[in-house]
Amino acid sequence: MGIAQPVTELPPKPIHAAELMAPERPRPQGRTQPVATKPPATPSNALNVDPQTAEARTAAAKAARAAKAAEARAADERIMSSRASDSRPADGQTACADHEPASQPVLDALFGGDAAFAELARRSPAEAFRCSSLFPGDAALAALRDAVPQAPFDAVGAADQLSTRPGGEEIIARALDLGLLTRSLEGGMPFYETRHELRKRLPKTDLRALEIHAAKALAASLARDPAGMAPKIGALLDDMVDDPPADRFRITMAMSSEDLLGLIARIGPQLYTSSLDGLVNILRIQVKLEKRSFLDLAREERTRPLWAEFFVATVGGGRAASLFGTNPAIARELMRESLRALLPADGKPPAIDTAVVIGALADAMDLDSPPIRAALEDELAARYRAAGEPPAKTGLQEVSIRNGTGDTPARSSGTGDTPARSMIGLAGSLHAARLSGRAATPAFEAERFSQNHPLAALPVLSGQRLFRNGINVQRMTFYDDPDGRASFRGFLRQHRAKGWALHGQSGFAVAISPERNGRRIVIVADIPGAGDAGRAAAWDWMAREGLAPSIVIHRGHSYHEDATMTEIAPATALVFWGSCGGHTRLRSTLERAPDALVLATQNIGVSTVNEALLGIMEERLLADGAIDWNAVWKEARGRIRDRRFASYKRPDQDSANLAFRAWQVRTASH
């Protein structure tokens, strides 16, 4: 069987790596419809072709295309069903209306009859409402009606299920009592989780009153438990991405500037870009309303301990200009306070990863305003000089630095570089490299950052690293959730359209590109649902074929990243984190593969962006045998229209990536 043909099952005998480079066999010229053996139409008789015959041919062509599309869908289904022995069974009739499987108490109620469901509604009304569509009887409806006072918001959340059954609207109406809803707000989250149904069913005056109570309850919850509530509020803001901005960010209307700063500090790097932008905008307004400034917040007792995290989140999210404002004197003071918060001192390790701090300091100076940029450059240079001066009272100080293996003591006699001075020096070197001919201030230039703190050279994705015997092998991970299954179907659809051969195996799939310029790409991908057995089968197959992945690609949510991390080997050349906030995995990735380049997003990962970007990289690999990031990014900017592409970090210009490598060299030399 010719491997270039779009087959849907592996041949019975193994594919050996050498066979992948075999010449492509000619495609069979079979026809889908019988054709009469009459001579072709000539200019003289072309106008005399029977219209009914032409119409029949058009209909036949449409039928052939439809059959081909149906065959492709069937092929996808066969591959999707090629799960390993530990595959989970389909949810079948035990899936609730939210498409999630029923919990064990719900399953017990299904087999226990009306009395069991009534007990479920008393003990777990939220579960009873979530899965109410599984219990259609009148007795179940009565149990749900009795459960409304305990869980009115859950009843509202189940409105789509309840409204389709007799008596369901009565339950919904009972749940919409304003007094009951207000008493059941708890921490405020129930209102926002059911906001769409509430907006459809409550009068505007009642809705507004309830929302005011919800915002106050949410602010109070955040004040009581900031660490626990911040991620929940961040997830809610991200979930409201399609809501009008006025509705989306009214959630913060009862929060003070301290609350908002703490929220950004705790969850900023994990937020969608639009969520972070909105919070920063609201914080700027709130600071003005309170007649304060960011400089005040950097110095105040309550917010000063969070300033380092806030600085990294805000600057890393591209909002340095909003942070430093338009007054050079205040900007310089703010940079001074930020350096004090970010750099290690008094024998304590830095609060944030060293490479992230270095990258954020460099990014802070990457501003369009020359006066503000000059103020920050001068302050960085002044702090650098001060860090190199001998201590006033002792000639020996000990500080802690964070490197790839943990916190390590480092000593300085006052004549060499302290860790803090090295961090400033590398940030200055990164900034100098970005100036691209623009002039820095004399004080900044005088410190000769580039010469004193040279950056480590980035690894090059050459053909030698990426290809072996003309074959580039990629390992792509998919996971068994709705996002993973949808992404996997998109993967099959995209590569079938490009003429790749798709092979379904027990627990995994193999996609093989057509040969181009003596090169092929082989992608070994998980089939969602195959689990650990499918992953083991994929690695066994690659071992038998003598294939070793040079590229590892994560296609899934961030909570699956630990599983993909185990796929990365020391020789891995490129790692693609397509998940939200994949940039936070930079250090862990480079500790497993020191010479790898990392392509990740600082905020939201988008399946359509992932597919387009990976497709461009595949084209460059086949055409050039290497990856030129200038070419990839130029084409991506022209092809990808999604604004969220801006949060994807180009590997050869990623501040944290460059800083991490430079810091590794520095710690190794010390």
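The shown structure was predicted, so the numbers you read here are calculated from the model rather than taken from an experiment.

Procedures and definitions
- Residues numbered from 1 in each chain as written.
- Predicted model: local features only at pLDDT ≥ 70, side-chain atom pairs only at ≥ 80, totals over all residues.
- Heavy atoms only, no water.
- Helix = DSSP H or I, 4+ residues; strand = E, 2+ residues; numbered from the N terminus.
- Buried < 20%, exposed > 50% of the residue type's maximum accessible area, 1.4 Å probe, protein only.
- Contact = heavy atoms within 4.5 Å.
- Areas by Shrake-Rupley, 256 points an atom, 1.4 Å probe, with all protein chains shown as cover.
- Phe/Tyr/Trp six-rings, centres within 6.5 Å; stacked < 30°, edge-to-face > 60°.
- Lys NZ or Arg CZ within 6 Å of the ring centre and 35° of its normal.
- Axes fitted to C-alpha atoms, helices over the stretch in contact; angles between N-to-C directions.
- Parallel < 35°, antiparallel > 145°, perpendicular 65-115°, else oblique.
- Left-handed = near helix turned anticlockwise from the far one by under 90°.
- Pairing = 2+ DSSP bridges.
- Salt bridge = Lys/Arg side-chain N within 4 Å of Asp/Glu carboxyl O.
- pLDDT = per-residue confidence, 0-100.
- Disulfide = S-S within 2.5 Å.
- Expected span 1.5 Å × (residues − 1).
- Core = buried A, V, L, I, M, F, W, Y, C linked by side-chain atoms within 4.5 Å.

### Section: the overall build of the protein
The secondary structure content of the protein amounts to 32 helices and 10 strands. Counting every position in the protein, which comprises 670 residues, the buried fraction comes to 49%. Summarising the internal contacts of the protein: among those between residues at least 6 apart in sequence, 69% fall at separations of at least 24. Roughly 31400 Å² of accessible area belongs to the protein as shown, and the carbon and sulfur atoms make up 53% of that amount.

### A word on the packing of aromatic side chains
Tallied over the entire structure, the rule returns 12 aromatic pairs. Ring centres of Phe191 and Tyr192 lie 5.0 Å apart, and the angle between their planes is 90°; this geometry places the pair in the edge-to-face category. Under the relative-accessibility criterion, Tyr192 is labelled buried at 1%. An aromatic cluster is defined as three or more aromatic residues linked by ring pairs; in this entry it consists of Phe294, Trp307 and Phe310. Between Arg421 and the ring centre of Tyr384, over which it is positioned, the NZ or CZ distance is 3.8 Å.

### Let's talk about the packing of helix H30 (residues 607-624) against helix H31 (residues 629-639)
In a packed pair of helices, the relevant descriptors are the angle between the two axes and the axis-to-axis distance. For the pair H30 and H31, interaxial distance at closest approach is 10 Å and the crossing angle is 140°. By the angle between their directions, the pair H30 and H31 is classed as oblique. Regarding H30 and H31, the two cross each other, and that crossing is right-handed. Within the contact between the two elements, H30 uses Ala612, Leu613, Ile616, Met617, Glu619 and Arg620 and H31 uses Trp629, Ala631, Val632, Trp633, Glu635, Ala636 and Arg639.

### Here's the deal with the pairing of strand S6 (residues 520-526)
Taking burial as the measure, the 7 residues of S6 include 7 buried ones, the bulk of the element. Burial along S6 is two-sided: Arg520, Val522, Val524 and Asp526 facing one way and Ile521, Ile523 and Ala525 facing the other are all buried. The sheet contact formed by strand S3 (residues 471-477) and S6 spans 6 bridges and is parallel. Each residue of the ladder has a partner; that of Asn472, found in S6, is Ile521. As judged from the 5 bridges shared by strand S5 (residues 508-512) and S6, these two strands associate in the antiparallel manner. By the bridge assignment for S6, Ala509 is matched with Ala525.

### Some thoughts on the pattern of salt bridges
Side chains that carry opposite charge are capable of pairing whenever their charged atoms lie near each other. One pass over the structure, following the stated rule, counts 41 salt bridges. A salt bridge links Arg208 to Glu211, with the nearest nitrogen and oxygen atoms 3.6 Å apart. Placement of the pair is Arg208 and Glu211 together in helix H11 (residues 204-224), with a separation of 3 residues, close to one helical turn. Classification of Glu211 by relative accessible area gives buried; the value is 3%. Between Arg434 and Asp363 there is a salt bridge, with the nearest N and O atoms lying 2.7 Å from each other. Here the residue Arg434 occupies a position in helix H22 (residues 419-434), and Asp363 occupies one in helix H20 (residues 354-364), the gap between them amounting to 71 residues. Classification of Arg434 by relative accessible area gives partly exposed; the value is 24%.

### A closer look at the pairing of strand S4 (residues 501-505)
Of all 5 residues making up S4, 4 are buried, and the element is well covered by its neighbours. Pairing geometry for S4 and S5, over 5 bridges, is antiparallel. Following the sheet pairing, Ala501 is matched in S5 by Ile512. The hairpin turn running from S4 into S5, its antiparallel successor, is 2 residues long, and Gly507 in that turn takes a positive phi close to 100°.

### Details of the confidence of the model for the protein
Averaged over every residue, the pLDDT of the protein is 82; the share at 70 or more is 80%. Within the model, pLDDT remains below 50 along residues 21-49, and this stretch shows 23 contacts once partners closer than five positions in the same chain are excluded.

### Describing unusual backbone geometry
Even without a glycine there, the phi angle at Lys291 is positive, about 55°. Note that Lys291 resides in the loop between helix H15 (273-289) and helix H16 (294-299). Although it is not a glycine, Asn517 sits at a positive phi angle of roughly 55°. With respect to the helices and strands, Asn517 occurs in the loop between S5 and S6.

### Describing the state of the cysteines
Considering all chains together, one arrives at 1 disulfide under this definition. Note on cysteine connectivity: Cys96 is disulfide-linked to Cys131, with sulfurs 1.8 Å apart. Taking the torsion about the sulfur-sulfur bond, which here is approximately 85°, the covalent link between Cys96 and Cys131 counts as right-handed. Pair noted here: Cys96 is in the loop between helix H1 (51-80) and helix H2 (104-123) and Cys131 is in the loop between helix H3 (125-130) and helix H4 (138-147), with a separation of 35 residues, a long-range link. The same class applies to Cys96 and to Cys131, which are both buried.

### Details of helix H21 (residues 370-388)
Spanning 19 residues, H21 covers 27 Å between terminal C-alpha atoms, matching the ideal 27 Å at 1.5 Å per step. Those residues of H21 not exposed but buried are Ile372, Arg373, Ala375, Leu376, Glu377, Glu379, Leu380, Ala381, Tyr384 and Ala387.

### Observations concerning the environment of Trp541
Here Trp541 is to be found in helix H27 (residues 531-545). You can call Trp541 buried: its relative accessible area is 4%. C-alpha separation for the pair Trp541 and Phe508, spaced 33 residues apart in sequence, amounts to 9.7 Å.

### Regarding the nonpolar core
By size, the foremost hydrophobic cluster in this structure holds 128 residues, and its most contacted members are Phe129, Leu198, Trp307, Phe311 and Phe324. The next biggest cluster of nonpolar side chains, apart from the first, holds 40 residues, and it includes Leu492, Ile527, Val606 and Ala636.

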